[in-house]
Amino acid sequence: LSAESGMTVAAEVGSGEEAIAVYADCVPDVTLMDLRLPGISGTEAIAAICKANPDARILVLSSYAGDEDIHRSLQAGAYGYLLK
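Please read these numbers as outputs of a predicted model, since none were measured by experiment. (Residues numbered from 1 in each chain as written. Predicted model: local features only at pLDDT ≥ 70, side-chain atom pairs only at ≥ 80, totals over all residues. Heavy atoms only, no water.)

Caption draft 1: Up close: the packing of helix H1 (residues 16-26) against helix H2 (residues 42-52). For the pair H1 and H2, the least separation of the axes is 9 Å and the interaxial angle reads 20°. Overall, the two elements H1 and H2 adopt an arrangement that is roughly parallel. Between H1 and H2 lies a crossing whose hand is right-handed. Contacts between H1 and H2 involve Gly16, Ala19, Ile20 and Tyr23 from the former and Ala45, Ala48 and Ile49 from the latter. Along the lines of polarity and charge, the residues of the contact of H1 with H2 split into six nonpolar, one polar and no charged. (Axes fitted to C-alpha atoms, helices over the stretch in contact; angles between N-to-C directions. Helix = DSSP H or I, 4+ residues; strand = E, 2+ residues; numbered from the N terminus. Parallel < 35°, antiparallel > 145°, perpendicular 65-115°, else oblique. Left-handed = near helix turned anticlockwise from the far one by under 90°. Contact = heavy atoms within 4.5 Å. Nonpolar A, V, L, I, M, F, W, Y, C, P; charged D, E, K, R; others polar.)

Caption draft 2: The arrangement of the packing of H2 against helix H3 (residues 67-76) in detail. At a minimum axis distance of 8 Å, the contact between H2 and H3 shows a crossing angle of 15°. Taken as axis vectors, H2 and H3 run roughly parallel relative to one another. Handedness of the crossing formed by H2 with H3: right-handed. Taken together, the residues of H3 that come into contact with H2 (itself represented by Thr43, Ile46, Ala47 and Cys50) are Arg72, Ser73 and Ala76.

Caption draft 3: Focus on the pattern of salt bridges. If you walk through the whole model with that rule in mind, you get two salt bridges. For lysine 84, the salt bridge is made with aspartate 34, and the minimal N-O distance between the two is 3.2 Å. Taken together, the residues span a long stretch of sequence, with lysine 84 in the segment after strand S3 (80-83) and aspartate 34 in the loop between strand S1 (31-33) and H2 at a distance of 50 residues. Under the relative-accessibility criterion, lysine 84 is labelled exposed at 61%. (Salt bridge = Lys/Arg side-chain N within 4 Å of Asp/Glu carboxyl O. Buried < 20%, exposed > 50% of the residue type's maximum accessible area, 1.4 Å probe, protein only.)

Caption draft 4: Looking closely at the environment of aspartate 55. Secondary-structure assignment places aspartate 55 in the loop between H2 and strand S2 (58-62). Exposure remark for aspartate 55: the relative accessible area of 72% places this residue in the exposed category. C-alpha of aspartate 55 to C-alpha of tyrosine 79: the two residues are 24 residues apart in sequence and 11 Å apart in space.

Caption draft 5: Geometry of the layout of surface pockets. Quantified by volume, the largest pocket comes out at close to 770 Å³. Forming the boundary of the largest pocket are 25 residues, of which Val9, Ala11, Val30, Thr31 and Leu32 lie nearest the centre. Taken together, the elements giving at least two residues each to the lining of the largest pocket come down to H1 and S1. Residue composition of the lining of the largest pocket, grouped by class: 18 nonpolar, three polar and four charged. (1 Å grid on protein atoms, 1.4 Å probe; cavity = no way out; pocket = protein on both sides within 12 Å on 5 of 7 lines; lining within 4 Å. Points joined across faces, edges and corners; volume = space filled by probe spheres on them.)

Here it is as C-alpha cells:
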C-alpha cells in the first residue's frame, strides 16, 4: 500500500521470533499477526510483544476459526481476530 492510501507496510516477517525483534525496531501503529508461524507461534509472539509494549495494537489474521484459537489470541493481548 502507498502512503497516499493512508497506510504503509512497515515490515514483513517470516517467524514469531522475527516478529518480536522487528516490532521493537519499528513499533507499528497496528500489527497483523498470523497464528501459524515457523518457530514460536503467533500467539506466543503476541504475548511477548504485548508484555514489552503494553500499548501494542495487534489484530490476528487467520484462517483458523476455532474458539480456542480466538480465545488464546485475545488472552495474549490481541485486540481482535479477523478470518481470512
